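# Chain and residue survey
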Amino acid sequence: MLVVFSSLFFLCVFLPISLGIYYIIKNRTYRNCILILTSLLFYAWGEPIWVTILISLTFLNCFIGLAAEKNRENRKGKISVAISVTTSLLILIFFKYSDFIIDNANGIFGTSLHMMKISLPIGISFYTFQIISYVIDVYKGEVDAQKSPFKLLLYVSLFPQLIAGPIVRYKDIAEDIDNRVETAAEFNYGVSRFIVGLGKKVIIANTAGKTAEVFMATDYTRLSVLGAWFGILLFAIQIYFDFSGYSDMAIGLGKMFGFTYKENFNYPYISRSVTEFWRRWHISLSSFFRDYLYIPLGGNRRHKLRNLFIVWLLTGLWHGASWNFIIWGLYYFILLFIEKLFLNRLLEKIPAIFSAIYLWVAVLVGWVFFYHTDLSQAVHFIGIMFGAKNAPITTPEVSICLRNNAVFLVIAFIGCTPALKLFYQRIKSCAQNVKGALILESFIKPIFNVCVLILSIIFLVGQSYNPFLYFRF
């Protein structure tokens, strides 16, 4: 059984025990050992067999990293990097894409090869990319190689970011492994950030997802135009608050244990172009492909169109072994190419409302491909959205659902913007004295956090709908 952050077992058992043991022990080496053990237990709880892959791959790349560092100036260094990248990618391809390759080979060549039906190791796309980034950064001289395989294992296996990201680079936390300082202020920030992420996931994402099923998991012959738009809008809300909520929880958990992770989302739905959207959405993945694939291929300097195509083809494949993800990736390749060609200049000149509408329409159409593994269903759904299937404009069911969820939608839309963050900062800055700021930080904010935590637990107890959208990764 997979342990996820938004589960009662994690909140009431795993996390309190892990924190208790961690802070009872004062020695840094022992604390690192505790983190390794709890992280491996966290992973093995859902993957008792495949945890061996994570450990083996980490230990192998510890020695490869040392070889890459030693041979930066000669051919052996490049060979070391090639071995690391090839090994990591072959393992990823074997587990994630073997059945996809066999299925398509059978369809193209008329063969009858048997599917392997191997379970996908949880989080394999995240930790293989982290390992690859580590070895490449060592070879490039951006970070020193880690001599201890156990400390490298700590970096790879840390449970806050292990199964759902963000993709953490070793150079960003290398100093924290041995020299982090846990403070009450940082711990309190971590708790607050975790609770915010939990609320985003449990209260908003789960509610949006459950309501979206009314329109998305239905017979499309009875779906109205407004129902299609409303359904995919709810899915857009779900996936944003689900994934950004998990990232918030990961950042918060990292802070509780003294680690600082970079932001992974920056209010992407307020973007005015797809280019800007992908600078704000899943930042760790976008920056990975930019730094380790797009720029090495030539970036904007040469073969820009080819480089963009490869990056977005692989971005789509990274999200899942299915043609809908490939189409989703190539859809963004086309949009980004058009924006680079001329559209960005136009979007900068027109009123913000029109560029915002363009962004939302483009992203919602993209989420249709992301949601539907059956491409014919995706095309049919888009046809309904744009009135091409003789679908009614609306139905009484849509009107009732809109009325019942009006307040929820307002809250969700506000949550997609930095409005609450700016409002809090404004109140804090308007506090006339230190006492006013202290009341805000020491009284009002904790009460808010407690309310969100209690409400989240009530939601978890009262509902069975609590999907882990990024299980496939």
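Definitions and limits used
- Residues numbered from 1 in each chain as written.
- Predicted model: local features only at pLDDT ≥ 70, side-chain atom pairs only at ≥ 80, totals over all residues.
- Heavy atoms only, no water.
- Helix = DSSP H or I, 4+ residues; strand = E, 2+ residues; numbered from the N terminus.
- Rg over C-alpha atoms; globule rule 2.2 N^0.38 Å.
- Buried < 20%, exposed > 50% of the residue type's maximum accessible area, 1.4 Å probe, protein only.
- Contact = heavy atoms within 4.5 Å.
- Areas by Shrake-Rupley, 256 points an atom, 1.4 Å probe, with all protein chains shown as cover.
- Lys, Arg positive; Asp, Glu negative; His and termini not counted.
- Charge placed at Lys NZ, Arg CZ, Asp CG, Glu CD.
- Salt bridge = Lys/Arg side-chain N within 4 Å of Asp/Glu carboxyl O.
- Core = buried A, V, L, I, M, F, W, Y, C linked by side-chain atoms within 4.5 Å.
- pLDDT = per-residue confidence, 0-100.
- Phe/Tyr/Trp six-rings, centres within 6.5 Å; stacked < 30°, edge-to-face > 60°.
- Lys NZ or Arg CZ within 6 Å of the ring centre and 35° of its normal.
- Polar contact = N/O pair within 3.5 Å; in protein donor to acceptor, adjacent residues only side chain to side chain.
- Axes fitted to C-alpha atoms, helices over the stretch in contact; angles between N-to-C directions.
- Parallel < 35°, antiparallel > 145°, perpendicular 65-115°, else oblique.
- Left-handed = near helix turned anticlockwise from the far one by under 90°.
- Nonpolar A, V, L, I, M, F, W, Y, C, P; charged D, E, K, R; others polar.
- Patch = residues over 30% accessible without salt bridge, like charges linked within 9 Å, V, L, I, M, F, W, Y side chains within 5 Å.

In this section: the overall build of the protein. Across its full length, the protein carries 20 helices and zero strands. For the protein, whose C-alpha radius of gyration is 23 Å, the value lies close to the compact-globule estimate of 23 Å for 473 residues. Principal-axis analysis of the C-alpha atoms places the extent of the protein at approximately 70 × 65 × 45 Å. When burial is assessed residue by residue, the protein has 51% of its 473 residues classed as buried. Taking all contacts inside the protein whose residues are at least 6 apart in sequence as the whole, residues at least 24 apart take part in 76%. In the structure as shown, the protein presents an accessible area of about 22100 Å², 68% of it carried by carbon and sulfur atoms. Charged side chains of the protein number 42 positive and 26 negative; the gap between the two group centres comes to 4 Å.

Glancing now at the pattern of salt bridges. With the rule as written, the count across this model stands at 16 salt bridges. Here Lys140 and Glu142 are joined by a salt bridge, their closest N and O atoms 3.4 Å apart. According to the relative accessible area criterion, Lys140 is partly exposed, its value standing at 45%. Taking the relative accessible area as the measure of exposure, Glu142 reaches 37% and is therefore partly exposed. The closest approach of N and O atoms between Glu142 and Lys171, which form a salt bridge, is 2.7 Å. A residue pair is termed long-range when its members are at least 10 positions apart, and Glu142 in the loop between helix 5 (124-139) and helix 6 (149-157) and Lys171 in helix 8 (residues 170-179) qualify at 29 residues.

By size, the foremost hydrophobic cluster in this structure holds 140 residues, and its most contacted members are Phe10, Tyr127, Phe194, Tyr269, Tyr332 and Trp367. At 18 residues, helix 10 (residues 225-256) tops the list of elements feeding residues into this core. Not counting residues within four places of it along the chain, the set of residues in contact with Trp367 comprises Ile232, Phe235, Ala236, Ile239, Tyr269, Trp281 and Trp328.

Time to look at the confidence of the model for the protein. Here the protein averages 92 in pLDDT, while 96% of its residues score no lower than 70. Mean pLDDT across the secondary structure elements of the protein bottoms out at helix 19 (residues 419-430), with 80, and peaks at helix 11 (residues 274-280), with 97.

For the coordinates displayed, the defined rule picks out 59 aromatic pairs. Taking the centre distance of 5.1 Å and the plane angle of 45° together, the rings of Phe5 and Phe10 count as tilted. Look at Phe5 and you get buried, because its relative accessible area is 2%. Among the residues examined, Phe10 registers a relative accessible area of 0% and is labelled buried. Arranged with centres 5.4 Å apart and planes meeting at 80°, the rings of Phe309 and Phe333 form a pair that is edge-to-face. Of the two residues, Phe309 is situated in helix 13 (residues 304-319) and Phe333 in helix 14 (residues 323-349); the sequence distance between them amounts to 24 residues. Owing to a relative accessible area of 13%, Phe333 belongs among the buried residues under this scheme. The side chain of Arg31 reaches across the aromatic face of Tyr22, ending 4.8 Å from its centre. Stacked on the ring of Trp318, the Lys or Arg Lys96 has its end atom at 5.3 Å from the ring centre.

All right, on to the side chain of Ser355 then. Summarising the element assignment, Ser355 is placed in helix 15 (residues 352-371). Note on Ser355: relative accessible area 0%, which makes it buried. Engagement of the side chain of Ser355 in a polar contact is seen with the backbone oxygen of Ala352, the distance being 2.9 Å. Not counting chain neighbours up to four residues away, the residues in contact with Ser355 comprise Arg272, Leu347 and Ile350.

Let us look at the packing of helix 6 against helix 8. Taken N-terminus to C-terminus, the directions of helix 6 and helix 8 make an angle of 120°; their axes are 11 Å apart at the nearest point. Comparing the axis directions of helix 6 and helix 8 gives the class oblique. Considering how the two elements wind past one another, helix 6 and helix 8 form a crossing that is right-handed. Across the interface between the two elements, Lys151, Leu152, Leu154 and Tyr155 from helix 6 touch Tyr170, Ile173, Ile177 and Asp178 from helix 8. When the residues that make up the contact of helix 6 with helix 8 are grouped by side-chain class, the tally is six nonpolar, no polar and two charged.

This next bit is on a nonpolar patch on the surface. Taken together, the side chains of Phe9, Val13, Ile17, Ile21, Leu41 and Trp45 define a hydrophobic patch exposed on the protein surface, amounting to about 490 Å² of accessible area. Looking at the nonpolar patch, the elements with two or more residues in it are helix 1 (8-24) and helix 2 (28-46). Looking at the nonpolar patch, the element that brings in the most residues is helix 1, giving four residues. Tracing the backbone through its elements, the reader meets Val13 in helix 1.

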